[in-house]
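Reading the structure
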Amino acid sequence: MPLLNGTINYTLADLNIVAMYVDGEQVDTVPDGKYTLTSESYCTNEDNEKDESITISYDSETKGLSVSPMTKKGTKCYLYFVERLCPEGATACNTIMAASRPQGQTTDWTNNGQGVTYYYTGANPDNWFYFGGFWWRIIRINGDGTIRMIYQGTSANTTGIGTQIGTSAFNSSFDDNMYVGFKYTSNQVHGTGTNSTILTTLNDWYSKNLADEADYIDGNAGFCGDRTPSTSSISSNGSGGTGTTATYYGAYIRLYNKGTSNSNLSLQCDSQDVYTTTDSSSGNKSLQYPIGLVTADEAALTGITWNNANTGSYLYTNSTYWTMSPSWYSGGNPFVFRVNSSGDLGQWIVHLTPGVRPVINIRADVSISSGDGSASNPYVIAT
């Protein structure tokens, strides 16, 4: 330190200092709010030894740093930041991202499209979850940090009818466009007045098996049953969707006859077709219980596409089961997409009875007590 007549020499050990790193590279300024402090961060004492008694906390919004207790000179803290992948308070998301980050990401429809969803692909990723006495597979982490997962059975099955709660018609009636709906109302494209047959099946199962676990299940993220109508099979024009008018729905235009060449998948969803519970702050607020089905687009994200058999997706079970995505209506027959036993997307008239695999969303703020996502060590919620 230069002075008027000489210098004073000092060492770093005489000061309290902070060093900052972003993705392993040292930086001179605190990163902006999209970064979060990692568990690798630590402080050392005057002997340059890690001090486990010191706790570091950081508020990414205000850039406020707390180091406690700070009692001696010579304390140094090393702060490691990584890009924040999960929303604030999304405890389960943070745990899963650290243990087995999903392989894909895309824009999410949750929160009106503001956010990123991270989704799993491959034949057997580490996306196993044990909850409510059942085994599940995580489909994706929604943009709001909730965990979306599909029923896998009472054991770690990967194939067979044990991956289903049973079979059901999507709707027992089939002479009107409205029967492509998870809920429906006569002469309304997006009606929610009456439960579909399959929703009744899901509600009965939920009330018997998951009602006691309701505190851990999110009702706001919802489930997309895209009923965007079109009288064109090539592009959406907003027409049709009621009565016996020949109609092609959103997923049909995106997925039908596209095979692996499809690049038009979407998780966006009109809020009228986002099925949420009655106490929700978004969506159509029409569900009694927060339970739904996988969508055709979600299946396609894992490699299950139209007319392209693929057994290399964890959603392949060697059994046929419903999605909740309407396909089209023509000639007195409403069709809804299904996942075929061969591992591709197909469609069936709604009164037929393939398998039922419930889908739920786990709340973002739950804590995971154990697990790394493998079949032998699934994620488990701390209770």
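Residues numbered from 1 in each chain as written. Predicted model: local features only at pLDDT ≥ 70, side-chain atom pairs only at ≥ 80, totals over all residues. Heavy atoms only, no water.

**Re the sheet that holds strand S18 (residues 247–248)**
Threshold: Two strands are said to pair when DSSP picks up at least two bridges between them. Secondary structure elements are taken from DSSP: a helix is a run of H or I of four residues or more, a strand is a run of E of two residues or more, and numbering for both begins at the N terminus.
As summarised here, the arrangement of the four strands in space is S18-S20-S21-S22, forming an open sheet in which the pairing is antiparallel. The two strands at the open ends of the sheet, each matched to only one other strand, are S18 and strand S22 (345–349). Here strand S20 (residues 321–330) pairs with strand S21 (residues 333–339) via six bridges, running antiparallel. Across the sheet, Trp 328 pairs through a bridge with Phe 335, a residue of S21.

**With respect to the state of the cysteines**
Spelled out, the test is: Two cysteine sulfur atoms make up a disulfide if the distance between them is within 2.5 Å. Think of it in three bands: with a 1.4 Å probe and only protein chains considered, a residue is buried below 20% of the maximum accessible area for its type, exposed above 50%, and partly exposed in between.
Under the counting rule described, the total for this entry stands at three disulfides. A sulfur-sulfur distance of 1.9 Å marks the disulfide that ties Cys 86 to Cys 93. Measuring handedness by torsion sign, the sulfur bridge of Cys 86 and Cys 93 sits at about -75 degrees and is left-handed. On the basis of relative accessibility, which here comes to 1%, the residue Cys 93 falls in the buried class. Disulfide partner of Cys 224: Cys 269, at an S-S distance of 2.1 Å. Here the disulfide of Cys 224 and Cys 269 is right-handed, its torsion about the S-S bond being about 85 degrees. In this pair, Cys 224 sits in strand S17 (residues 223–224) while Cys 269 sits in the loop between helix H3 (250–255) and strand S19 (274–275), placing the two residues 45 residues apart along the sequence. Taken N- to C-terminal, the disulfide-bonded cysteines of the protein are connected 1-2, 3-4, 5-6.

**Description of the side chain of Ser 168**
Rules: Polar contact criterion, stated in full: a pair of N or O atoms within 3.5 Å, where within protein one must be able to donate a hydrogen and the other to accept it, and residues adjacent in sequence count only if both atoms are side-chain atoms. Contacts are assigned to residue pairs with any non-hydrogen atoms lying within 4.5 Å of each other.
Mapped onto the secondary structure, Ser 168 falls in the loop between strand S14 (147–153) and strand S15 (183–184). Here Thr 201 takes part through its side chain, which lies 3.2 Å from a polar atom of the side chain of Ser 168. Residues in contact with Ser 168, not counting those within four places in the same chain, are Thr 197, Ile 198, Thr 201, Trp 322, Leu 352, Thr 353, Pro 354 and Val 356.

**What to know about the layout of surface pockets**
Put simply, the rule reads: Only protein atoms enter the calculation, which uses a 1 Å grid: trapped sets of points that fit a 1.4 Å probe without letting it out are cavities, open sets showing protein on both sides within 12 Å along at least five of seven lines are pockets, and any residue with an atom within 4 Å of a point is a lining residue. Grid points are joined across faces, edges and corners, and a volume is the space filled by probe spheres set on the points. Only Asp, Glu, Lys and Arg are considered charged, only Ala, Val, Leu, Ile, Met, Phe, Trp, Tyr, Cys and Pro nonpolar, and every remaining residue, Gly among them, polar.
Its boundaries defined by the atoms lining it, the largest pocket holds a volume of some 480 Å³. Taken together, 20 residues make up the lining of the largest pocket; nearest its centre are Thr 36, Leu 37, Thr 38, Val 82 and Asn 94. Taken together, the elements giving at least two residues each to the lining of the largest pocket come down to strand S5 (35–37), strand S9 (76–83) and helix H1 (91–100). A per-element tally of the lining of the largest pocket places H1 first, with five residues. A breakdown of the residues in the lining of the largest pocket according to their chemical character gives eight nonpolar, seven polar and five charged.

**Observations concerning the environment of Thr 245**
Structurally, Thr 245 is set in the loop between S17 and S18. Note on Thr 245: relative accessible area 36%, which makes it partly exposed. Along the backbone, Thr 245 and Tyr 329 are 84 residues apart, and their C-alpha atoms lie at a distance of 7.5 Å. Setting aside its immediate chain neighbours within four residues, Thr 245 contacts Asn 177, Thr 231, Gly 240 and Tyr 329.

**Brief notes about the environment of Thr 121**
Looking at where Thr 121 falls in the secondary structure, it is placed in the loop between strand S11 (116–119) and strand S12 (128–131). When neighbours within four sequence positions are excluded, Thr 121 is seen to be in contact with Gln 103, Leu 301, Thr 302 and Tyr 314.

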